[in-house]
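# Observations on chain architecture
Residue strings, one per chain:
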Amino acid sequence: AFDSKVNWTGTQYQVDAKSYKYASRTSLKGPLSWCSTKLFFHEPSGQELFLSEVYGVSSPIKKISPGVYEIEVEGNTNQYHYKAGKLEKIVVESPIKNYQVRRVR
């Protein structure tokens, strides 16, 4: 079974992550204020650090063009596309399957 637990202790995150071909038990300095869920509702500036809930690692959010941001985690690169500050599309790379998530009007 795959599951990941990332718990804030007040000074750091305790990570116990098990995913497809990946496992980690470590600690991670924080606090970090960006995760995949927040990216659904807020456009970043491209200067933030992202917390991967699946892998329990942090990664910079990189602005690659106006309204387009990339996050690389464990060799997989995801792109978040925004229009007028609203999320329009996510292009997800995964060791299991690559896919896109799009806004439906």
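Residues numbered from 1 in each chain as written. Predicted model: local features only at pLDDT ≥ 70, side-chain atom pairs only at ≥ 80, totals over all residues. Heavy atoms only, no water.

## Description of the sheet that holds strand E7 (residues 68-73)
Note the cut-off: Pairing between two strands is assigned when DSSP locates at least 2 bridges connecting them. Strands here mean DSSP runs of E at least two residues long; helices mean DSSP runs of H or I at least four residues long; both are numbered from the N terminus. Each axis is a line fitted through C-alpha atoms, and for a helix only the stretch in contact is used; angles between axes span 0 to 180 degrees, taken between their N-to-C directions.
One open sheet accounts for 5 strands, arranged E6-E7-E8-E9-E10; its pairing is antiparallel. With one partner strand each, in any of the chains shown, strand E6 (62-65) and strand E10 (99-102) form the two edges of the open sheet. Here the strands of the sheet are splayed against their neighbours by 25 degrees on average, with no regard to which way each runs.

## Section: the pairing of strand E9 (residues 86-92)
As a reminder of what qualifies: Burial here depends on accessible area, computed with a 1.4 Å probe over protein chains only, as a share of the maximum for the residue type. Under 20% is buried, over 50% is exposed, and the range in between is partly exposed.
With 5 of its 7 residues buried, E9 lies for the most part within the structure. By the bridge criterion, 5 bridges tie strand E8 (residues 76-83) to E9 in an arrangement that is antiparallel. Looking across to E9, one finds that glutamine 79 is bridged to valine 91. Taking the residues that link successive antiparallel strands as the turn, the E8-E9 hairpin has 2 residues, and the phi of alanine 84 there is positive, at about 55 degrees. Sheet analysis places E9 next to E10, joined by 4 bridges and oriented antiparallel. Bridge assignment links valine 91 to a residue of E10, and that residue is glutamine 100.

## Some words on the layout of surface pockets
What counts, and what does not: Points on a 1 Å grid over protein atoms alone make up a cavity when a 1.4 Å probe fits among them but cannot get out, and a pocket when they form an open set with protein on both sides within 12 Å along at least five of seven lines; lining residues each have an atom within 4 Å of a point. Grid points are joined across faces, edges and corners, and a volume is the space filled by probe spheres set on the points. Asp, Glu, Lys and Arg are counted as charged, while Ala, Val, Leu, Ile, Met, Phe, Trp, Tyr, Cys and Pro are counted as nonpolar; the rest, among them Gly, fall into the polar class.
Counted as a void, the largest pocket has a volume near 490 Å³. If you go around the largest pocket, you meet 23 residues; those closest to its centre are Val54, Tyr55, Asn78, Val92 and Tyr99. Contributing elements (two or more residues each) for the lining of the largest pocket: helix H1 (36-41), strand E4 (49-52), E7, E8, E9 and E10. No other element matches the 3 residues that E8 contributes to the lining of the largest pocket. For the lining of the largest pocket, the class distribution of residues is 15 nonpolar, 6 polar and 2 charged.

## Structural notes on unusual backbone geometry
One non-glycine residue with positive phi stands out, namely glutamate 74, at about 50 degrees. Residue placement: glutamate 74 occurs in the loop between E7 and E8. A relative accessible area of 47% means that glutamate 74 is categorised as partly exposed. In this structure, alanine 84 takes a positive phi of about 55 degrees despite not being glycine. Looking at the element boundaries, alanine 84 is found in the loop between E8 and E9. Alanine 84 gets classed as exposed once you look at its relative accessible area, which sits at 81%.

## Remarks on the sheet that holds strand E3 (residues 22-29)
One open sheet holds the 3 strands; their spatial order is E1-E2-E3, and the pairing between them is antiparallel. Two strands close off the open sheet at either side, each with one partner strand: strand E1 (3-8) and E3. Taking each pair of neighbouring strands and ignoring which way they run, the sheet shows an average axis angle of 5 degrees.

## Some remarks on the pairing of E6
Pairing between E6 and E7: 3 bridges, direction antiparallel. Residue pairing for E7: serine 65 is matched across the bridge by valine 68. Between the end of E6 and the start of E7, which pair antiparallel, lie 2 residues, with glycine 67 showing a positive phi angle near 80 degrees.

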